[in-house]
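Survey of secondary and tertiary structure
Spelled out from the first residue to the last, the chains are:
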Amino acid sequence: MNEYRRTPDVSPDGLPFLTILGLRDAEDDDWGRLRGMQYAQLQKTMWLRIVVHAINAAIILSIYIGKAPATALVAFVSALVVALTINARSDKMLADAEGRRISTNEVRQKSMGALLVGLAWCVPLIVFAQYGGPADRAAAFMIVAGLLAGSALINGVVPLTTVIFGAVTGPVAIGAFAWFGDSGLALIAAGFLSMIAIGTTKVAHVYLKACIAEAGMAEKSEVVSLLLREFEENQADWLWQIDTNRIVRSASPRFVFALGKPVEEIEGKPFLQLISGEAWETGQFAPSLHELAEHLKRRESFSNLMVRVTIGREHRWWELSGTPMLDDNGTYLGIRGVGSDVTEQRESTEKIAYLARYDTLTGLPNRLMLTEALGDALRFVEQWRTRCAFLMIDLDRFKAVNDSLGHQVGDKLLAQVSARLNELVGEDKLVGRLGGDEFAIVIRDASDKAVIDVVARRVIERLSQPYHVDQHTLYVGASVGSAIGPRDGGTVEEIMRNADLALYRAKDEGGGEHFSYEPALHSNAEERRQLEFALRSALEKRELELNYQPVVDAVTEEVVSFEALVRWNSGDHGSVSPVKFIPLAEDTRLIVPIGAWVLEQACREATSWPEHVRVAVNVSPEQLFEPDFPATVVRALSASGLEAARLELEVTESIFVRDSGVAANALEQVMALGCTVALDDFGTGYSSLGYLRKLKFATIKIDKTFVQGAAQDSAESMAIIRAVVAMADSLGMTTTAEGVENATEAELIRALGCSKIQGYHFGRPMNAEETLNVFRRKRPNDRLTA
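Quick look at the structure, then. (Residues numbered from 1 in each chain as written. Predicted model: local features only at pLDDT ≥ 70, side-chain atom pairs only at ≥ 80, totals over all residues. Heavy atoms only, no water.)

1. Some points on the overall build of the protein chain
Each helix and strand in the protein chain was counted, giving 29 helices and 20 strands. Within the protein chain, buried positions represent 48% of all 786 residues. Across the protein chain, every contact between residues at least 6 apart in sequence was considered, and the portion connecting residues at least 24 apart equals 64%. With the model as given, the accessible surface of the protein chain reaches about 37600 Å², and the carbon-plus-sulfur share is 54%. (Helix = DSSP H or I, 4+ residues; strand = E, 2+ residues; numbered from the N terminus. Buried < 20%, exposed > 50% of the residue type's maximum accessible area, 1.4 Å probe, protein only. Contact = heavy atoms within 4.5 Å. Areas by Shrake-Rupley, 256 points an atom, 1.4 Å probe, with all protein chains shown as cover.)

See the structure below:
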């Protein structure tokens, strides 16, 4: 790569006379290179100058032949020939000076040649002058003056040669005129020399300006070339260029590599033909190719255009930008641009977008998409004064299948259930999975109430038919609860909650039934009332306790944290499942005092663990919406003495459904204390991709359904885990895989790049005393057990 050279940025008009002559350089600029450009021009006029000198020498000889001695004439011719030869030799030595810096010695040699030529021409002015009259002396001076003027024009690029020639011959001519009493001619000679000096300086000014401008353009061209080369060598992007006929020209090496063809098969071919594959013959272009073709046809600029191309038989995604090329007259020359292959980024984005809106196990829309569809249906109802419906479906006896045959069989059963549900929905209906074994159907137009009953009966009938999974014949039924909008609620939350109440009624009736929501629905409400009453006094009666499940480092398998899990042993109802009492606590807002107790208790018990072990506490959205939630965290830390960095709060994606700004503000205040925040059950509920960057989560917890899917060699589940891990790594977050139940799953998750692992394989939930036993073990490889 050529060395970068800085062009002098000083205007010639502001330079001293010696700098213009080349006898002194300005500071901090590359004048040596500029001098090389000057002196290289002398080679181009060398023969012209020799011919001019020869012609003028012949005129001198014709004037003084027969008047001056022959020896003087021969001496003059000989001296001139020698001087011109030396001068020509120095010109040849500087022929390559344009591409380099010239040395002081080379300048001195060139100056010596000019001096010798000047001394040779002094012979006619001094020696011949005594043999002729005033007219002869005037003629000789006119010849020398002509040579001076010609040198000022021809050698203006190098004013030093003209100055030396004039400095030698000028004073000699003036002296000779004065000696022979030609005072008038002496004055004329002096005036002429002054004009020559001024003219030489002006010519040098003009040429220096041209040289600096030329050097500047060359420098800019060099910089552009350097940038283009570095761009091609160091970036994944490549350059492309087409002419007025949209034919590829000047294909760059990376562009050739991207097309996967020899450069001979690329140059001169239509751009669209090279990237459209078989579509070039059929004319069935992808929409993105049509858009690109329109831009090229209209000869307009475009930026970051995503184009689906076909390279060989493989479909790829390119991101292209282009700008029209115009000449100095504004004539269109083609389009030049940059491109890059973004196939991997595109696929990763599509996978994450799919993860945000679709359930990965069944391929059905997830809770987010169902929520949006119900919201659209309610707006449609309000606009057209009709009705919509929401059907919530829960499988009967599914838990027994999971417990007896395992999660793998259960997941395959859920996949078959989703396929059957898809068969039952039409264009105005959307079926999706809410989570677990719960599904839902949104009916956009339920003006005919009978439609709801018909769909519900078909669902129950179809899902109750036998399933064949891994040589097992399974029987599960379905219960359905429905709510009608806007009769049973004016918001999405109300409709979904009331459909859930109706579903509870169907389940209480033994399953296999459909119930619509009614205001007087109390079958499940009574139990909920009793549980609520008992839950309100659970804290006072000390019926709540905490269990802890270990989270280990994926590489070392050392315990890095425990997740605190609240348990309720009611004196009236016995052991109540968290699945039952946690939603009840959230609905009644009892989760706020319970959550505060969990925080304080978890922090207090964590102080007895090693300092590197952290405690993770689940936080309900209801807690985050409390104005004093950050103060609750501060009180828990102060009362226990636990360092803030050892406390991690786990939240689910549902916090973004309501007022996300309030939740985000609360979490930001907690993070300011030094606590970290983890996003639990990522991808199973509401989308929160936009908040991953804003809230700076420390950890993303990958739901166990993905882990189980990956363990079943589900390429999609593994791709999604990789996408989440890659996304987390790029955002500076760690990942925790949940639900790891055996060594095979642990090894798989470790290979997929997860940072931490949680699951029964490393330990079941245990009480506070049992957590201390984990650290008392002497053998570090002992498997954690409850």
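2. What about the pairing of strand β10 (residues 477–485)?
Counting buried residues in β10 gives nine out of nine residues, a clear majority hidden from the surface. Residues of β10 alternate between two faces, with Gly 477, Ser 479, Gly 481, Ala 483 and Gly 485 on one and Ala 478, Val 480, Ser 482 and Ile 484 on the opposite face, all of them buried. Both strand β5 (residues 388–396) and β10 contribute to a ladder of nine bridges, which runs antiparallel. Paired with Asp 396 across the two strands is Gly 477, which belongs to β10. (Pairing = 2+ DSSP bridges.)

3. What about the packing of helix α14 (residues 367–384) against helix α18 (residues 492–508)?
It is the contact of α14 with α18, at a shortest axis distance of 9 Å, that shows an interaxial angle of 110 degrees. Classified by the angle their axes make, α14 and α18 are roughly perpendicular. Handedness of the α14/α18 crossing: right-handed. For the pair α14 and α18, contact is made by Arg 367, Thr 371, Leu 374, Gly 375 and Leu 378 and by Val 492, Ile 495 and Met 496, respectively. (Axes fitted to C-alpha atoms, helices over the stretch in contact; angles between N-to-C directions. Parallel < 35°, antiparallel > 145°, perpendicular 65-115°, else oblique. Left-handed = near helix turned anticlockwise from the far one by under 90°.)

4. Describing unusual backbone geometry
Look at the link from Gly 485 to Pro 486: it is a cis peptide, with omega at 5 degrees. With respect to the secondary-structure elements, Pro 486 resides in the loop between β10 and α18. Even without being glycine, Arg 246 reaches a positive phi, approximately 65 degrees. For Arg 246, a relative accessible area of 32% puts it in the partly exposed group. Notably, Asp 713 is not glycine yet its phi reads approximately 65 degrees, a positive angle.

5. Concerning the sheet that holds β10
Whether parallel or antiparallel, the strands of a sheet pair through hydrogen bonds between backbone atoms. A sheet is described by the order of its strands in space; here five strands give the open sequence β6-β7-β5-β10-β11, paired in mixed fashion. Both outer strands of the open sheet, β6 (429–435) and β11 (514–516), are each paired with one neighbouring strand and no more. Between one strand axis and the next, the sheet turns through 20 degrees on average, direction left out of account. Along the sheet face, α14 touches β5, β6, β7 (438–443) and β10 and points at about 140 degrees away from the line of β6.

6. Thoughts on the sheet that holds strand β4 (residues 332–341)
The four strands lie next to each other as β1-β4-β3-β2, forming an open sheet whose pairing is antiparallel. The sheet is open, and its two edges are formed by β1 (238–242) and β2 (302–311), each paired on a single side. Averaged over all pairs of adjacent strands, the angle between their axes in this sheet comes to 35 degrees, without regard to strand direction. Of the strand pairs in this sheet, β2 and strand β3 (residues 314–326) are connected by eight bridges, and their pairing is antiparallel. Paired with Phe 302 across the two strands is Gly 322, which belongs to β3. This element, helix α12 (residues 287–298), spans β1, β2, β3 and β4 of the sheet and lies at about 125 degrees to β2. Contacts from helix α13 (residues 343–357) reach β2, β3 and β4 within the one sheet, and its direction differs from that of β3 by about 120 degrees.

7. Focus: the side chain of Glu 543
Of note, Glu 543 is situated in the loop between α19 (523–536) and β12 (544–553). Buried within the structure, Glu 543 lacks any salt-bridge partner; its nearest side chain of opposite charge belongs to Lys 541, at an N-O separation of 4.6 Å. Here the side chain of Glu 543 touches Trp 568 through a polar contact of 2.9 Å, side chain to side chain. If we ignore the near neighbours within four places in the chain, the residues touching Glu 543 are Ala 534, Ala 538, Arg 567, Trp 568, Asn 569, Ser 570 and Gly 571. (Lys, Arg positive; Asp, Glu negative; His and termini not counted. Salt bridge = Lys/Arg side-chain N within 4 Å of Asp/Glu carboxyl O. Polar contact = N/O pair within 3.5 Å; in protein donor to acceptor, adjacent residues only side chain to side chain.)

8. A closer look at empty space enclosed by the protein
For the coordinates displayed, the defined rule picks out three cavities of 30 Å³ or more. Taken as a whole, the largest cavity spans an internal volume of roughly 50 Å³. In terms of lining residues, the largest cavity is bounded by Tyr 64, Pro 124, Leu 125, Ala 129, Arg 137, Ala 140, Ala 173, Ala 176 and Phe 177. Elements with a contribution of two residues or more to the lining of the largest cavity: α5 (104–126), α6 (134–154) and α7 (159–179). Looking at which element gives the most residues to the lining of the largest cavity, the answer is α7, with three residues. (1 Å grid on protein atoms, 1.4 Å probe; cavity = no way out; pocket = protein on both sides within 12 Å on 5 of 7 lines; lining within 4 Å. Points joined across faces, edges and corners; volume = space filled by probe spheres on them.)

9. Section: the nonpolar core
Across soluble globular proteins, you tend to see nonpolar side chains buried next to one another. Residues Val 615 and Leu 647 are the most contacted members of the largest nonpolar core, which totals 81 residues. Beyond its immediate stretch of four places on either side in the chain, Val 615 contacts Tyr 548, Phe 562, Ala 564, Ala 602, Ala 606, Trp 609, Leu 642, Arg 646, Leu 647 and Glu 648. Within the second largest apolar cluster, 31 residues are counted, among which are Phe 76, Leu 125, Ala 140 and Ala 145. (Core = buried A, V, L, I, M, F, W, Y, C linked by side-chain atoms within 4.5 Å.)

10. A look at the environment of Ala 419
Note that Ala 419 resides in helix α16 (residues 407–424). Relative accessible area serves as the criterion here: at 39%, Ala 419 is assigned to the partly exposed category. A sequence separation of 56 residues divides Ala 419 from Gly 363, and the C-alpha atoms of the two residues are 9.2 Å apart.

11. Some thoughts on the packing of helix α21 (residues 591–606) against helix α23 (residues 629–640)
Geometrically, a packed helix pair is captured by the angle between its two axes and the distance between the axes. Contact geometry of α21 with α23 gives a least axis separation of 8 Å together with a crossing angle of 30 degrees. In this view, α21 runs roughly parallel relative to α23, as classed from their interaxial angle. In the packing of α21 onto α23, the handedness of the crossing is right-handed. Where α21 abuts α23, its residues Ala 596, Leu 599, Glu 600, Cys 603 and Arg 604 lie against Phe 629, Thr 632, Val 633, Ala 636, Leu 637 and Ser 640.

12. Points about the side chain of Thr 705
Its location among the elements puts Thr 705 in helix α26 (residues 704–711). There is a polar contact of 2.8 Å between the side chain of Thr 705 and the side chain of Asp 703.

13. Focus: a nonpolar patch on the surface
A grouping of Val 51, Ile 55 and Ile 59 is seen on the molecular surface, where their side chains present a nonpolar patch of about 250 Å² in accessible area. Within the secondary structure layout, Ile 59 lies in helix α3 (residues 46–64). The class of Ile 59 is partly exposed, set by a relative accessible area of 36%. (Patch = residues over 30% accessible without salt bridge, like charges linked within 9 Å, V, L, I, M, F, W, Y side chains within 5 Å.)

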